[in-house]
Amino acid sequence: MTKQKALLIIKPDAVQRGLIGVILSRFERVGLTVIGLKFTWAAPEKIKAHYPETEAWFTKVGERTLTNYAKKGLDAKTVFQTDDPVAIGKTVKQWLIDYLQESAVLLAVVSGYDVIEIVRKLSGNTIPLLAAPGTVRGDFSHDTIDLANAQNRPLRNLIHASDTVEDGEKEVKLWFADEELFDYQRCDETIMFPAR
Ligand code: ATP
Ligand code: MG
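A few points on the structure.

**Notes on the site of ligand 1**
Stage number 1. Lining the immediate environment of ligand 1, one finds 19 residues, of which Arg64, Thr65, Thr126, Asn157 and His160 sit closest.
Stage number 2. Between an oxygen atom of ligand 1 and a side-chain N or O atom of histidine 160, the distance comes to 2.8 Å.
Stage number 3. The backbone of alanine 161 places a nitrogen or oxygen atom 3.1 Å from an oxygen atom of ligand 1.
Stage number 4. When ligand 1 is considered free in solution it has 580 Å² of accessible area, and contact with the protein chains removes 98% of it.
Stage number 5. In terms of residue count, helix 4 (residues 55-72) provides more of the shell around ligand 1 than any other element does, 5 residues in total.
Stage number 6. Among the residues forming the shell around ligand 1, the class breakdown is 9 nonpolar, 5 polar and 5 charged.
Stage number 7. For the shell around ligand 1, the two domains that each supply at least three residues are domain 1 (1-42 + 103-148 + 155-184) and domain 2 (52-99).

**Observations concerning helix 2 (residues 20-29)**
Stage number 1. Listed as buried for helix 2 are Ile23, Leu24, Arg26 and Phe27. Burial along helix 2 is one-sided: seen end-on, the buried residues are contained in an arc of 145 degrees.
Stage number 2. Once helix 2 finishes, glycine 31 follows within two positions and takes phi at roughly 110 degrees, a positive value.

**Some thoughts on the side chain of threonine 65**
Stage number 1. Turning to its location among the elements, threonine 65 is positioned in helix 4.
Stage number 2. At 2.8 Å, the side chain of threonine 65 and the side chain of asparagine 149 are in polar contact.
Stage number 3. Apart from residues lying up to four places away in sequence, threonine 65 is in contact with Phe80, Ile88, Ile145 and Asn149.

**A closer look at the side chain of threonine 144**
Stage number 1. Checked against the element boundaries, threonine 144 lands in the loop between helix 8 (136-140) and helix 9 (145-150).
Stage number 2. Leaving out residues up to four positions away in the same chain, threonine 144 has contacts with Leu129 and Leu155.

Conventions and cut-offs
- Sequence order sets the numbering: in each chain, residues are counted from 1 along the sequence as written.
- Throughout, the order in which chains and ligands are written sets their labels, letters from A for the former and numbers from 1 for the latter.
- Local features are withheld for residues below a pLDDT of 70 in this predicted model, meaning they are given only at 70 or higher, and side-chain atom pairs are given and counted only at 80 or more; totals for whole chains, interfaces and linings count all residues.
- For side-chain calculations, the full set of non-hydrogen atoms in the structure is used, while hydrogens and water are omitted.
- Residues are labelled near a given molecule or strand when at least one of their non-hydrogen atoms is within 4 Å of it.
- Definition of a polar contact: a pair of N or O atoms within 3.5 Å, with one able to donate and the other able to accept a hydrogen when the atoms are protein atoms, and with sequence-neighbouring residues admitted only if both atoms are side-chain atoms.
- For accessible areas, the Shrake-Rupley method is used with a probe of radius 1.4 Å. Any residue's cover is judged against the shown protein chains and nothing else.
- Helix and strand definitions follow DSSP, with helices as H or I runs of at least four residues and strands as E runs of at least two, each counted in order from the N terminus.
- By the convention adopted, Pro, Cys, Tyr, Trp, Phe, Met, Ile, Leu, Val and Ala count as nonpolar, Lys, Arg, Asp and Glu as charged, and the other residues, Gly among them, as polar.
- These domain limits were set by an automatic method or by a database of domain assignments.
- Relative accessibility thresholds used throughout: buried, under 20% of the residue-type maximum; exposed, over 50%; partly exposed, between the two (1.4 Å probe, protein chains only).
- This arc corresponds to the set of directions leading from the helix axis out to the C-beta atoms.
- In this description, contact between two residues means that some pair of their heavy atoms is separated by no more than 4.5 Å.

Now the structure itself:
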(Lines give C-alpha, C1' and ligand atoms only; values in the text may rest on other atoms or scores of the structure.)
(Ligands and ions follow the chains in the order given, each with its own letter.)
Protein backbone atom coordinates (compact mmCIF):
# COMPACT_ATOMS: atom_id res chain seq x y z
CA MET A 1 0.00 0.00 0.00
CA THR A 2 1.54 3.28 -1.08
CA LYS A 3 0.29 6.79 -0.61
CA GLN A 4 -0.61 9.00 -3.56
CA LYS A 5 -0.69 12.75 -4.03
CA ALA A 6 -3.52 15.05 -5.05
CA LEU A 7 -3.49 18.73 -5.94
CA LEU A 8 -6.09 21.03 -4.44
CA ILE A 9 -6.67 24.57 -5.65
CA ILE A 10 -8.69 26.80 -3.36
CA LYS A 11 -10.17 28.97 -6.08
CA PRO A 12 -10.65 32.78 -6.02
CA ASP A 13 -14.30 32.66 -4.90
CA ALA A 14 -13.27 30.66 -1.81
CA VAL A 15 -10.24 32.88 -1.12
CA GLN A 16 -12.28 36.08 -1.41
CA ARG A 17 -15.05 34.67 0.77
CA GLY A 18 -12.59 33.91 3.57
CA LEU A 19 -12.96 30.13 3.29
CA ILE A 20 -9.30 29.09 2.97
CA GLY A 21 -9.03 27.78 6.53
CA VAL A 22 -12.36 25.98 6.76
CA ILE A 23 -11.85 24.26 3.43
CA LEU A 24 -8.27 23.14 4.07
CA SER A 25 -9.17 21.89 7.54
CA ARG A 26 -11.71 19.45 6.05
CA PHE A 27 -8.87 17.65 4.26
CA GLU A 28 -6.61 17.70 7.32
CA ARG A 29 -9.25 16.40 9.70
CA VAL A 30 -9.88 13.16 7.76
CA GLY A 31 -6.19 12.38 8.21
CA LEU A 32 -4.60 13.44 4.91
CA THR A 33 -1.09 14.91 5.17
CA VAL A 34 -0.60 18.42 3.77
CA ILE A 35 2.85 18.21 2.16
CA GLY A 36 2.83 21.37 0.02
CA LEU A 37 1.26 24.81 0.30
CA LYS A 38 1.63 27.88 -1.91
CA PHE A 39 -0.40 31.10 -2.07
CA THR A 40 0.14 32.52 -5.54
CA TRP A 41 -1.26 34.26 -8.60
CA ALA A 42 -1.92 31.61 -11.22
CA ALA A 43 -0.23 32.50 -14.52
CA PRO A 44 -2.55 32.11 -17.55
CA GLU A 45 -0.22 29.63 -19.26
CA LYS A 46 -0.19 27.48 -16.10
CA ILE A 47 -4.00 27.46 -15.97
CA LYS A 48 -4.06 26.53 -19.65
CA ALA A 49 -1.70 23.62 -19.02
CA HIS A 50 -3.60 22.59 -15.88
CA TYR A 51 -6.95 21.97 -17.55
CA PRO A 52 -6.71 19.32 -20.30
CA GLU A 53 -6.56 20.39 -23.94
CA THR A 54 -8.12 17.11 -25.11
CA GLU A 55 -11.25 16.49 -27.13
CA ALA A 56 -12.44 14.14 -24.34
CA TRP A 57 -12.26 16.87 -21.68
CA PHE A 58 -13.90 19.52 -23.88
CA THR A 59 -16.67 17.04 -24.69
CA LYS A 60 -17.23 16.18 -21.01
CA VAL A 61 -17.52 19.86 -20.10
CA GLY A 62 -19.74 20.70 -23.09
CA GLU A 63 -22.01 17.72 -22.44
CA ARG A 64 -22.47 18.95 -18.87
CA THR A 65 -24.03 22.11 -20.27
CA LEU A 66 -26.06 20.29 -22.92
CA THR A 67 -27.49 17.76 -20.43
CA ASN A 68 -28.51 20.51 -18.06
CA TYR A 69 -29.98 22.66 -20.83
CA ALA A 70 -31.98 19.71 -22.19
CA LYS A 71 -33.42 19.07 -18.72
CA LYS A 72 -34.53 22.69 -18.45
CA GLY A 73 -35.66 23.08 -22.05
CA LEU A 74 -32.98 25.70 -22.79
CA ASP A 75 -31.07 26.20 -26.03
CA ALA A 76 -27.25 26.28 -25.74
CA LYS A 77 -27.07 28.36 -28.91
CA THR A 78 -28.44 31.40 -27.09
CA VAL A 79 -25.25 31.56 -25.01
CA PHE A 80 -22.64 29.70 -27.08
CA GLN A 81 -23.95 30.26 -30.66
CA THR A 82 -23.42 26.48 -31.11
CA ASP A 83 -24.53 23.20 -29.61
CA ASP A 84 -21.26 21.42 -30.38
CA PRO A 85 -19.99 20.07 -27.02
CA VAL A 86 -16.32 20.50 -27.98
CA ALA A 87 -16.84 24.16 -28.87
CA ILE A 88 -18.74 24.73 -25.61
CA GLY A 89 -15.93 23.03 -23.67
CA LYS A 90 -13.37 25.33 -25.32
CA THR A 91 -15.36 28.41 -24.32
CA VAL A 92 -15.59 27.18 -20.70
CA LYS A 93 -11.82 26.69 -20.66
CA GLN A 94 -11.35 30.34 -21.72
CA TRP A 95 -13.65 31.39 -18.88
CA LEU A 96 -11.65 29.27 -16.41
CA ILE A 97 -8.47 31.17 -17.31
CA ASP A 98 -10.12 34.44 -16.17
CA TYR A 99 -11.83 32.91 -13.12
CA LEU A 100 -8.61 31.46 -11.69
CA GLN A 101 -6.96 34.89 -11.93
CA GLU A 102 -9.62 36.83 -10.02
CA SER A 103 -7.45 36.70 -6.89
CA ALA A 104 -4.50 34.72 -5.63
CA VAL A 105 -5.21 31.00 -5.18
CA LEU A 106 -4.07 28.59 -2.49
CA LEU A 107 -2.38 25.53 -3.98
CA ALA A 108 -2.13 22.53 -1.69
CA VAL A 109 -0.69 19.05 -2.13
CA VAL A 110 -2.19 16.37 0.09
CA SER A 111 -0.98 12.83 0.44
CA GLY A 112 -2.75 9.71 1.62
CA TYR A 113 -4.01 6.24 0.74
CA ASP A 114 -6.62 6.41 -2.05
CA VAL A 115 -6.24 10.16 -1.82
CA ILE A 116 -7.95 10.87 -5.16
CA GLU A 117 -11.19 9.20 -4.11
CA ILE A 118 -11.05 11.01 -0.78
CA VAL A 119 -10.48 14.49 -2.21
CA ARG A 120 -13.21 14.03 -4.82
CA LYS A 121 -15.63 12.78 -2.15
CA LEU A 122 -14.90 15.71 0.15
CA SER A 123 -15.16 18.24 -2.72
CA GLY A 124 -18.56 17.07 -3.98
CA ASN A 125 -20.24 17.24 -7.39
CA THR A 126 -18.78 19.72 -9.89
CA ILE A 127 -22.18 21.44 -10.04
CA PRO A 128 -22.69 23.04 -6.60
CA LEU A 129 -26.49 22.66 -6.83
CA LEU A 130 -25.99 18.88 -7.02
CA ALA A 131 -23.18 18.63 -4.47
CA ALA A 132 -24.25 16.74 -1.34
CA PRO A 133 -24.43 18.42 2.06
CA GLY A 134 -21.23 17.70 3.96
CA THR A 135 -19.06 18.34 0.90
CA VAL A 136 -17.15 21.58 0.33
CA ARG A 137 -19.22 22.52 -2.71
CA GLY A 138 -22.51 21.39 -1.13
CA ASP A 139 -21.95 23.27 2.10
CA PHE A 140 -20.60 26.57 0.78
CA SER A 141 -22.10 27.12 -2.68
CA HIS A 142 -25.21 26.59 -4.80
CA ASP A 143 -24.25 27.77 -8.30
CA THR A 144 -25.95 26.21 -11.35
CA ILE A 145 -24.91 25.51 -14.95
CA ASP A 146 -27.59 27.71 -16.51
CA LEU A 147 -26.87 30.67 -14.23
CA ALA A 148 -23.10 30.36 -14.79
CA ASN A 149 -23.39 29.95 -18.57
CA ALA A 150 -25.93 32.80 -18.90
CA GLN A 151 -23.40 35.02 -17.07
CA ASN A 152 -20.59 33.86 -19.40
CA ARG A 153 -18.53 32.31 -16.62
CA PRO A 154 -17.60 28.89 -15.27
CA LEU A 155 -19.31 27.33 -12.28
CA ARG A 156 -17.98 28.95 -9.14
CA ASN A 157 -17.35 25.84 -7.11
CA LEU A 158 -14.62 26.89 -4.67
CA ILE A 159 -12.12 24.12 -5.17
CA HIS A 160 -10.23 22.00 -7.67
CA ALA A 161 -9.30 18.44 -6.73
CA SER A 162 -7.29 16.06 -8.93
CA ASP A 163 -9.48 13.57 -10.77
CA THR A 164 -7.16 10.57 -11.30
CA VAL A 165 -3.85 9.34 -9.89
CA GLU A 166 -2.12 10.29 -13.18
CA ASP A 167 -3.68 13.77 -13.17
CA GLY A 168 -2.60 14.20 -9.54
CA GLU A 169 1.02 13.46 -10.46
CA LYS A 170 0.92 15.73 -13.51
CA GLU A 171 -0.74 18.61 -11.63
CA VAL A 172 1.61 18.43 -8.63
CA LYS A 173 4.59 18.59 -11.03
CA LEU A 174 3.04 21.54 -12.85
CA TRP A 175 2.53 23.70 -9.75
CA PHE A 176 5.27 22.56 -7.32
CA ALA A 177 9.03 21.99 -7.56
CA ASP A 178 10.30 18.87 -5.74
CA GLU A 179 11.96 21.02 -3.06
CA GLU A 180 8.60 22.67 -2.29
CA LEU A 181 7.14 19.37 -1.05
CA PHE A 182 7.72 18.37 2.58
CA ASP A 183 6.76 14.81 3.42
CA TYR A 184 6.46 13.78 7.07
CA GLN A 185 4.50 11.38 9.21
CA ARG A 186 1.45 12.67 11.06
CA CYS A 187 1.56 11.68 14.72
CA ASP A 188 -1.93 10.12 14.51
CA GLU A 189 -1.05 7.73 11.67
CA THR A 190 -0.10 4.90 14.01
CA ILE A 191 -3.52 5.27 15.66
CA MET A 192 -5.44 5.52 12.36
CA PHE A 193 -3.55 2.66 10.67
CA PRO A 194 -1.99 0.39 13.32
CA ALA A 195 0.13 -2.44 11.88
CA ARG A 196 -0.43 -5.79 13.61
P1 ATP B 1 -12.03 20.77 -11.13
O2 ATP B 1 -11.23 20.22 -12.31
O3 ATP B 1 -12.02 22.28 -11.06
O4 ATP B 1 -11.70 20.07 -9.85
P5 ATP B 1 -14.12 19.05 -11.85
O6 ATP B 1 -13.03 18.04 -12.10
O7 ATP B 1 -15.19 18.68 -10.89
O8 ATP B 1 -13.55 20.40 -11.37
P9 ATP B 1 -14.11 19.54 -14.70
O10 ATP B 1 -15.00 18.79 -15.60
O11 ATP B 1 -12.67 19.21 -14.68
O12 ATP B 1 -14.76 19.48 -13.25
O13 ATP B 1 -14.31 21.09 -15.04
C14 ATP B 1 -13.37 22.05 -14.55
C15 ATP B 1 -14.09 23.25 -14.02
O16 ATP B 1 -14.74 23.91 -15.11
C17 ATP B 1 -15.21 22.98 -13.02
O18 ATP B 1 -14.74 22.90 -11.71
C19 ATP B 1 -16.11 24.17 -13.21
O20 ATP B 1 -15.61 25.31 -12.51
C21 ATP B 1 -15.98 24.45 -14.70
N22 ATP B 1 -17.02 23.82 -15.54
C23 ATP B 1 -17.03 22.55 -15.99
N24 ATP B 1 -18.05 22.32 -16.81
C25 ATP B 1 -18.73 23.49 -16.91
C26 ATP B 1 -19.87 23.93 -17.64
N27 ATP B 1 -20.53 23.11 -18.46
N28 ATP B 1 -20.29 25.21 -17.49
C29 ATP B 1 -19.62 26.05 -16.68
N30 ATP B 1 -18.52 25.71 -15.98
C31 ATP B 1 -18.07 24.45 -16.08
MG1 MG C 1 -11.36 18.34 -13.28
